[in-house]
Number of protein chains: 2
Amino acid sequence: MSYKIGVDISGGDYAPEEIFKGAVLARKEYGEDMVLIGVREEIEAQARKHKVDLNDFTVVHAPEKIDMGESPATSVRRKKNSSITIGTNLLKEKKIDAFVSCGNTGAAVCAATLLLGLIEGVERPGIGLMLPTREGVSLVIDVGANVDPKPMHLFQYGVMASVYYELVFNKENPSVGLLNIGEEETKGSDFVKNVHKLFAAAPLNFTGNVEAKHMFSGKCDCIVCDGFVGNVALKVTEGCAETMGKFLFDTIMKDPLGLFGLLLIKRSLRKFKRILDYAEYGGAPLLGVDGVVIIGHGRSNSKAVKNAVRAAIHELKRDLTSQIKSKINGILQDEKFKQSMIA
Amino acid sequence: MSYKIGVDISGGDYAPEEIFKGAVLARKEYGEDMVLIGVREEIEAQARKHKVDLNDFTVVHAPEKIDMGESPATSVRRKKNSSITIGTNLLKEKKIDAFVSCGNTGAAVCAATLLLGLIEGVERPGIGLMLPTREGVSLVIDVGANVDPKPMHLFQYGVMASVYYELVFNKENPSVGLLNIGEEETKGSDFVKNVHKLFAAAPLNFTGNVEAKHMFSGKCDCIVCDGFVGNVALKVTEGCAETMGKFLFDTIMKDPLGLFGLLLIKRSLRKFKRILDYAEYGGAPLLGVDGVVIIGHGRSNSKAVKNAVRAAIHELKRDLTSQIKSKINGILQDEKFKQSMIA
């Protein structure tokens with residue numbers, strides 16, 4: 001029996017074409033059933049353009065679209081026929097096994113929270129991001145689902161990330177670090193100090209504070225932060241990489257020798273770009289909701305969509321939702337941890 | 001009459017040598033009086049080593065040192081004879097006109113706040129950072145002085161940054177943006193939404209939210225954020241630039257052609273490095289304290305120290321402290337702004 005993966009064809013900067021192509025690629029590569037959720041006419045037009053037989057897919061008509069700038073809560077409440085609302089409802093009714101959307105992130109988070117509900121023991125969902133590091137990949141959570149969190153939310157993110165990392169990357173007892181402005185436990189805001197206390201008392205491989213400059217070192221498998229800080233860190237990385245690339249290119253182009261040099265390192269530059277390419281890592285898991293939801297980058301191309309589907313399949317094969325539930329409730333029942341909460 | 005600039009010879013990763021050399025360079029280049037605050041024997045040893053006549057300088061013996069990892073409040077309270085405490089006291093007693101330290105940032109902020117006090121109308125000091133952008137320089141405040149701020153603190157940072165930018169960079173009515181995770185005013189945490197309201201009501205060139213990925217675009221002259229977020233953004237930039245450089249270098253070195261290419265772009269790479277070099281921008285002004293204090297990067301070399309002294313002279317020549325006082329109190333008395341505070 002194969003999994004049914006729902007894909008939001010209407011969401012993303014390059015929707016519907018790149019999303020459609022990504023879903024087609026995913027079906028070919030992973031052999032699972034793809035459920036295409038979007039405007040029927042648009043899906044049919046894409047199928048004609050790319051000579052794809054729609055009989056191999058399930059098409060679910062979702063006439064409404066939620067734009068990137070729309071208010072999440074309002075759009076989910078008002079647009080009952082949007083691809084995000086319909087997709088999430090299909091997941092709730094178990095007509096699909098996972099839902100992938102590259103559309104309005106806030107709306108996807110909001111729909112999942114309202115319609116699927118949360119895993120028992122989890123108070124808020126968090127978006128996990130795969131950050132390429134010098135050692136491999138670190139999972140950073142949260143990068144924007146929850147911008148007004150409580151310390152307990154961050155603690156739960158750490159537990160969920162640790163379960164995810166262990167199951168998806170096959171690493172026993174992965175390390176969990178807390179993003180902070182210094183390594184000593186006395187450093188940081190009152191908020192992070194309180195989060196630190198929760199982690200220190202829990203049966204987890206907590207390795208203490210991680211400074212932002214060490215995020216890319218791969219020292220920590222999972223890095224926990226509040227959604228505002230995580231989103232800023234992520235966007236600064238994007239902006240910094242882009243600006244540095246342009247700066248460097250401009251400088252090199254002004255030097256006559258530079259142009260020749262550039263031609264000689266072209267192959268390396270391409271390889272380098274691939275290491276940093278977010279599309280390789282697919283989407284970001286929305287952890288904590290009671291169902292498998294993958295949030296794709298707004299700029300996703302077909303490869304990113306295909307890899308987001310792969311991320312969904314990984315979660316399904318490892319039964320991640322149940323594993324998170326059992327781990328988080330185990331910790332909440334842990335005597336030492338309970339004592340520390342009272343203290 | 002020349003200014004007397006106090007320099008903390010004991011603070012910084014490369015103290016005392018690089019700091020001493022920086023102070024000597026600064027005297028030569030700017031012709032102001034340099035007051036060397038540190039362990040007398042160490043200063044004398046440096047003078048012998050670099051064949052510097054100490055009769056051209058004032059030396060103030062400060063036998064104690066505050067290490068980088070020490071708790072700021074405790075060290076300032078206990079180490080009365082540290083270079084940071086003595087230097088700040090000299091500034092308070094008007095025996096020097098400005099104080100430059102590359103030592104423990106928290107201790108320098110704490111000493112300045114306790115000993116100098118704050119400018120009337122300012123509730124917390126903030127550290128401003130000069131960020132190189134594609135258009136020139138943006139002043140980002142706060143990058144770590146205040147990690148548990150109230151909305152009013154960030155508003156005051158915006159006012160101070162705007163005065164600084166106008167006077168030091170000679171730009172009339174500089175733009176002020178608020179670092180946020182989206183451009184719409186409904187975006188972000190409750191905290192930043194409240195800061196947004198304060199800015200929107202004030203007679204300032206407030207241009208709204210700035211996304212972190214646009215920090216390097218130079219769209220905004222001044223960028224306001226809380227000290228935790230600002231410090232993370234700054235450190236992510238450092239980590240990202242370093243990691244990208246190493247990644248790229250490793251990739252190129254694996255390719256036989258790459259090595260030749262690298263030789264050809266070497267000159268450009270050096271030029272590029274200079275654009276990004278924090279040492280060019282000197283130290284970071286500690287805005288809000290009643291006196292001119294410049295915080296240097298812990299990794300400061302002699303050039304960075306010299307440029308930090310230049311930053312201090314800029315502030316003194318433009319009488320920044322008084323200008324901030326008059327601007328901030330003008331705004332706090334502004335009728336429209338007062339109305340918005342009541343509403």
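Since we're looking at a predicted model, the values are computed, not measured.

**Digging into the nonpolar core**
One finds Phe155, Met215 and Val232 of chain A together with Ile37, Phe155, Met215 and Val232 of chain B to be the most contacted residues of the largest nonpolar core, which totals 163 residues. Apart from the residues lying within four places of it in its own chain, the contact partners of Met215 of chain B are Val236 of chain A together with Leu131, Thr133, Ser138, Val140, Leu179, Ile223 and Ala233 of chain B.

**Quick look at the environment of Leu287 of chain A**
Residue and element names in this part refer to chain A. Mapped onto the fold, Leu287 is located in strand 10 (residues 284–287). Spatially, the C-alpha atom of Leu287 lies 28 Å from that of Val39, the residues being 248 residues apart in sequence. In contact with Leu287, other than residues within four places in its own chain, are Arg124, Pro125, Gly126, Ile141, Met160, Ala161, Tyr164, Leu320 and Ile324.

**A short note on the packing of helix 6 (residues 151–168) of chain A against helix 11 (residues 320–333) of chain A**
Residue and element names in this part refer to chain A. Direction vectors running N to C along helix 6 and helix 11 enclose 130°, while the axes themselves pass 10 Å from each other. The angle between the axes of helix 6 and helix 11 places the two elements in the oblique class. Considering only the axes of helix 6 and helix 11, their crossing is right-handed. Touching Met152, Phe155, Gln156, Val159, Met160, Val163, Tyr164 and Leu167 of helix 6 are Leu320, Gln323, Ile324, Lys327, Ile328, Ile331 and Leu332, all from helix 11. Residues belonging to the contact of helix 6 with helix 11 are distributed by class as follows: twelve nonpolar, two polar and one charged.

**Describing the relation of the copies chain A and chain B**
There are two copies of the chain, and a rotation about an axis plus a shift along that axis relates them. Least-squares fitting of chain A to chain B yields an RMSD of 0.0 Å, with the transformation described by 0.0 Å of translation along the axis and a rotation of 180°. What we have between these two chains is a two-fold relation. The rotation axis passes nearest to the C-alpha of Gly261 of chain A in chain A, at a distance of 1.9 Å. When you check the interface residues of chain A against chain B, 100% turn up at the interface there too, and the contact is symmetric in its surfaces.

**A few points about the domain arrangement of chain A**
Residue and element names in this part refer to chain A. Each assigned domain of chain A is listed with its residue range as follows: domain 1 (1–122 + 288–317) and domain 2 (126–282). Distance from the C-alpha centre of domain 1 to the C-alpha centre of domain 2: 26 Å. Buried area between domain 1 and domain 2, summed over both chains or domains, comes out near 1300 Å², and the portion from carbon and sulfur atoms is 58%. Across the contact surface, domain 1 and domain 2 share zero salt bridges. Summed over the shared surface of domain 1 and domain 2, the number is two residue pairs in polar contact (both at pLDDT 80 or more).

**Notes on the pattern of salt bridges**
Per the stated rule, a full pass over the model turns up 22 salt bridges over all chains. We note a salt bridge from Lys338 of chain A to Glu335 of chain A, for which the minimum N-O separation is 3.7 Å. With Lys338 of chain A and Glu335 of chain A both in helix 12 (residues 335–342) and three residues apart, this pair spans about one turn of that helix. With relative accessibility at 32%, the residue Lys338 of chain A sits in the partly exposed group. Its salt-bridge partner being Lys49 of chain B, residue Glu17 of chain B comes within 3.0 Å of it at the nearest N-O pair.

**What to know about the sheet that holds strand 7 (residues 176–180) of chain B**
All names here are of chain B. Taken in spatial order, the eleven strands of this open sheet run 3-2-1-4-11-10-5-6-9-7-8, and their pairing is mixed. Of all strands in the sheet, those bounded by a partner on one side alone are strand 3 (58–61) and strand 8 (206–211). Averaged over neighbouring strand pairs, the angle between their axes works out to 25° when direction is ignored. Of the pairings in the sheet, the one linking strand 4 (residues 98–101) to strand 11 (residues 292–295) comprises four bridges and is parallel in character. If you follow Ala98 over to strand 11, its bridge partner there is Val292. In the packing of helix 5 (residues 105–116) onto the sheet, contacts are made with strand 5 (126–132), strand 10 (284–287) and strand 11, and the angle to strand 11 comes to roughly 170°.

So, how was this worked out
- Residues numbered from 1 in each chain as written.
- Chains lettered and ligands numbered in written order.
- Predicted model: local features only at pLDDT ≥ 70, side-chain atom pairs only at ≥ 80, totals over all residues.
- Heavy atoms only, no water.
- Core = buried A, V, L, I, M, F, W, Y, C linked by side-chain atoms within 4.5 Å.
- Buried < 20%, exposed > 50% of the residue type's maximum accessible area, 1.4 Å probe, protein only.
- Contact = heavy atoms within 4.5 Å.
- Helix = DSSP H or I, 4+ residues; strand = E, 2+ residues; numbered from the N terminus.
- Axes fitted to C-alpha atoms, helices over the stretch in contact; angles between N-to-C directions.
- Parallel < 35°, antiparallel > 145°, perpendicular 65-115°, else oblique.
- Left-handed = near helix turned anticlockwise from the far one by under 90°.
- Nonpolar A, V, L, I, M, F, W, Y, C, P; charged D, E, K, R; others polar.
- Least-squares fit on C-alpha atoms with pLDDT ≥ 70 in both.
- Domains from an automatic or database assignment.
- Buried area = accessible area lost by both parts, 1.4 Å probe.
- Salt bridge = Lys/Arg side-chain N within 4 Å of Asp/Glu carboxyl O.
- Polar contact = N/O pair within 3.5 Å; in protein donor to acceptor, adjacent residues only side chain to side chain.
- Pairing = 2+ DSSP bridges.

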